[in-house]
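Here is how the chains run, residue by residue.
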Amino acid sequence: MIVREPPGWRIDAKWFSGVLLVIVLAAVIPLLSFSQLTIRERAMPLLEGVLRLTLLPPGSDGTMAEVRTGLGFTPGDRLELLPGTEVYAESDELGGLSAEVAATRIADELSTRVLQDGAAATGERLAEAEFAARFGRVVSGPGTSLVRATLVTEMMPAGLDNGSRLANWRLQAQQSPGEPVQPIVGVFVRLPAGEIEPLSSREIGERVVTALADVLVEDGLPAARELVSNRNLLLRLEEAASGPIEVRLRELFETVLLFREEMLSERLELAREALQSLESSGSIESLPLLQGEELAGLSPDEANSLVLDRLARSAYRGGSAAVSDVLTEPSQRGRLLQAAPLIDALSARAHRDYLRNTWLLGTLAALLLVALALLSRGWGRLANPGLAIAVAAAGGALLFTKLAQLAPASGSAAVPGNLAAQGVFGYLVQLAAFVTASLPGDALSLVVRNHLAILIAGVSLVVLSLILALAQRLRPRRRSLI
């Protein structure tokens, strides 16, 4: 049997396709891993780790230097009028919005929340510790007194001042000794019998309305409404809550917000400056990162975590330049400059680049894979692509596995020094140590897993081709009948 040798051009094309496939795949696999690592949810913890090691290196006092404090506002988005209140103003209304109007809007929203959700739930939503504490003191003191007085005025004339709605609470006490009794028909407020024994009919009515007012303040109107079954009393409760009580709570909160008017004015002014900067130059000048009051009452570790979180957000959105704009300490800005390539490599812009290049090179790798399979013969159509895939993934798998094993303890590496002073090799060694110490262990594990998965896929193709070739050799041949 004559075996025809493939033409020379086919052999050359096969080798060229295989070598080029190895090179392209060796670039595609880490690009795929980097595009996964720079998704926002994964990149934020990575950036925080890099920034922590950069700005709080080993041997430092463990606290962040001051950063510019302010808005965290981007033109086009809503501005939170006061941090932690979740009360916003749209960008297009900032031009004519004064601090007084902003305070009224916040007070109106707080009074609505208190009546709907209760003071406890409203206070929990206030992120700023000082304002939340002041809010709690005001509500538990003058706020509760105002609600009690208003509700007594509104509800007592509906038969609670003359005893016409009194229940036979003495009989209840006799039937269930030691248990609270319900002194008013249609109002499911239960009080100790001994507490109301010395009270007159009017005083009993006032005591019940006062207890109902406390429920209204603490848990909101829905909870208070559930305690009233009498239609007339329920109507008076709802009218009082939506009318005079809401008005007086709003006026009270406006008074509380007087000590925040200066902050409101500053935030509105900074927001207007940002809008003017965008309109005049088409870009946004660097704005403060945090409102100073957001750090009030926090421990050093909590303050560091908050600052690093905001810096990581800025870094992901705008790279190292966005972080440098808000740092005020020269030494930190210098260390940031040395780590800038790594920070920029984890930004949103880098993610888009990784994704685009992964698709481009991935498409090229797929075409080369098809070409290599078509140019090969027999079992080589599986073995040659598998071998190329395995060779492309093996180097990266070995490299990143060694890096994961040799990685220094988290937070123990120094920021890479000057390239000219250290030389290329020394700089690369220190950069690798800094990168591996900055990244969480699962980040390197993801890169290693991707390489190993593709390596296994390549080896599997080679093994499959060998099995097919062996099966073909061991298969009994049919004898010709001619």
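On a predicted model such as this, the values are computed, not experimentally measured, just so you know.

A. A look at the overall build of the chain. Regarding its fold elements, the chain presents 18 helices and 2 strands. Residues counted as buried form 41% of the 482 residues belonging to the chain. Expressed as a percentage of contacts within the chain between residues at least 6 apart in sequence, the contacts between residues at least 24 apart total 72%. Here the chain has roughly 25600 Å² of accessible surface; of this, 58% comes from carbon and sulfur atoms.

B. Representation of the pattern of salt bridges. The final tally for this structure, using the stated rule, is 9 salt bridges. A salt bridge links Arg207 to Glu195, with the shortest nitrogen-to-oxygen separation between them at 2.5 Å. With Arg207 in helix H8 (residues 201-219) and Glu195 in helix H7 (residues 193-196), this residue pair connects regions lying 12 residues apart in the sequence. With a relative accessible area of 27%, Arg207 lands in the partly exposed category. Classification of Glu195 by relative accessible area gives partly exposed; the value is 32%.

C. Spatial organisation of helix H1 (residues 8-37). When the terminal C-alpha atoms of H1 are compared, their 44 Å separation across 30 residues agrees well with the 44 Å that a helix rising 1.5 Å per residue should span. Those residues of H1 that fall on the buried side of the exposure criterion are Ser17, Gly18, Leu21, Val24, Leu25, Val28, Ile29, Pro30, Leu31, Ser33, Ser35 and Leu37.

D. Structural detail: helix H14 (residues 330-344). Taking 1.5 Å per residue, 15 residues should reach 21 Å; H14 reaches 20 Å between its end C-alpha atoms and fits that length. Roughly 55 degrees is the biggest bend found in H14, and it falls at Gln338, with proline Pro341 one to four residues downstream. Every buried residue of H14 is listed here: Gln332, Arg335, Leu336, Ala339, Ala340, Leu342 and Ile343.

E. Highlighting the packing of helix H3 (residues 99-117) against H8. Their axes nearest at 5 Å, the elements H3 and H8 cross at an angle of 115 degrees. Side by side, H3 and H8 meet where Val114, Leu115, Gln116 and Asp117 of the first sit next to Leu216, Val217, Glu218 and Asp219 of the second. Partitioning the contact of H3 with H8 into residue classes produces 4 nonpolar, 1 polar and 3 charged.

F. Summary view of the nonpolar core. Judged by nonpolar contacts, the single largest core of 61 residues is most densely connected at Leu81 and Leu151. Mapped by element, the contributors of at least two residues to this core are H3, helix H5 (129-155), H8, helix H9 (221-225), helix H10 (231-256) and helix H11 (261-281). Every residue in contact with Leu81, bar those within four places of it in the chain, is listed here: Val87, Tyr88, Ala89, Leu97, Ala102, Arg105, Ile106, Leu264, Arg267 and Leu268. Of all hydrophobic cores here, the second largest spans 28 residues; its members include Val307, Leu308, Tyr316 and Val447.

G. Local environment of the packing of aromatic side chains. Scanning the model with the defined rule gives 2 aromatic pairs in all. Aromatic pair Phe34 and Tyr354: ring centres 5.7 Å apart, planes at 50 degrees, arrangement tilted. Remark: Tyr354 occurs in helix H15 (residues 348-375) and Phe34 occurs in helix H1; sequence separation between them is 320 residues. In this structure Phe34 comes out as partly exposed when scored by relative accessible area, which is 28%.

H. View of the environment of Leu146. For Leu146, the position within the fold is in helix H5. A relative accessible area of 32% means that Leu146 is categorised as partly exposed. For Leu146 and Ala213, which are 67 residues apart along the polypeptide, the C-alpha to C-alpha distance reads 9.5 Å. Residue contacts for Leu146: discarding those within four places in its chain leaves Arg248 and Leu252.

I. Focus on a nonpolar patch on the surface. The grouping of Ile11, Trp15, Val19 and Ile23 at the surface amounts to a nonpolar patch, some 420 Å² of accessible area in total. Residue position: Ile11 is located in helix H1. According to the relative accessible area criterion, Ile11 is partly exposed, its value standing at 33%.

J. Summary view of the packing of H1 against H15. Interaxial distance between H1 and H15 falls to 8 Å at its minimum, and their mutual angle equals 155 degrees. By the angle between their axes, H1 is roughly antiparallel relative to H15. Crossing handedness for the pair H1 and H15: left-handed. Residue composition of the contact of H1 with H15, by class: 22 nonpolar, 7 polar and 2 charged.

K. Main features of the environment of Leu56. With respect to the helices, strands and loops of the structure, Leu56 is situated in the loop between helix H2 (40-55) and strand E1 (79-80). By relative accessible area, which is 12% here, Leu56 ends up buried. Taking C-alpha positions, Leu56 is 8.5 Å from Gln332, a pair spaced 276 residues apart along the chain.

L. Representation of the confidence of the model for the chain. With 77% of its residues at a pLDDT of at least 70, the chain reaches an overall mean of 77. Looking over the chain, one finds the lowest element-wise mean pLDDT in helix H17 (residues 419-438), namely 51, and the highest in H15, namely 90. pLDDT under 50 marks residues 65-70. Its contacts with residues more than four places away, or in other chains, come to 27 contacts. Within the model, the stretch residues 408-414 combines pLDDT values under 50 with 18 contacts to residues more than four positions away or in other chains.

M. The side chain of His351, seen in detail. Structurally, the position occupied by His351 is in helix H15. Once residues within four sequence positions are removed from consideration, His351 is found in contact with Ser35, Thr38, Ile39 and Tyr316.

N. Layout of the side chain of Thr210. With respect to the secondary-structure elements, Thr210 resides in helix H8. When sequence neighbours within four positions are dropped, the list of residues in contact with Thr210 reads Arg148 and Val152.

Cut-offs applied
Residues numbered from 1 in each chain as written. Predicted model: local features only at pLDDT ≥ 70, side-chain atom pairs only at ≥ 80, totals over all residues. Heavy atoms only, no water. Helix = DSSP H or I, 4+ residues; strand = E, 2+ residues; numbered from the N terminus. Buried < 20%, exposed > 50% of the residue type's maximum accessible area, 1.4 Å probe, protein only. Contact = heavy atoms within 4.5 Å. Areas by Shrake-Rupley, 256 points an atom, 1.4 Å probe, with all protein chains shown as cover. Salt bridge = Lys/Arg side-chain N within 4 Å of Asp/Glu carboxyl O. Expected span 1.5 Å × (residues − 1). Bend = angle between axes of the 7 residues up to and from the residue. Axes fitted to C-alpha atoms, helices over the stretch in contact; angles between N-to-C directions. Nonpolar A, V, L, I, M, F, W, Y, C, P; charged D, E, K, R; others polar. Core = buried A, V, L, I, M, F, W, Y, C linked by side-chain atoms within 4.5 Å. Phe/Tyr/Trp six-rings, centres within 6.5 Å; stacked < 30°, edge-to-face > 60°. Patch = residues over 30% accessible without salt bridge, like charges linked within 9 Å, V, L, I, M, F, W, Y side chains within 5 Å. Parallel < 35°, antiparallel > 145°, perpendicular 65-115°, else oblique. Left-handed = near helix turned anticlockwise from the far one by under 90°. pLDDT = per-residue confidence, 0-100.

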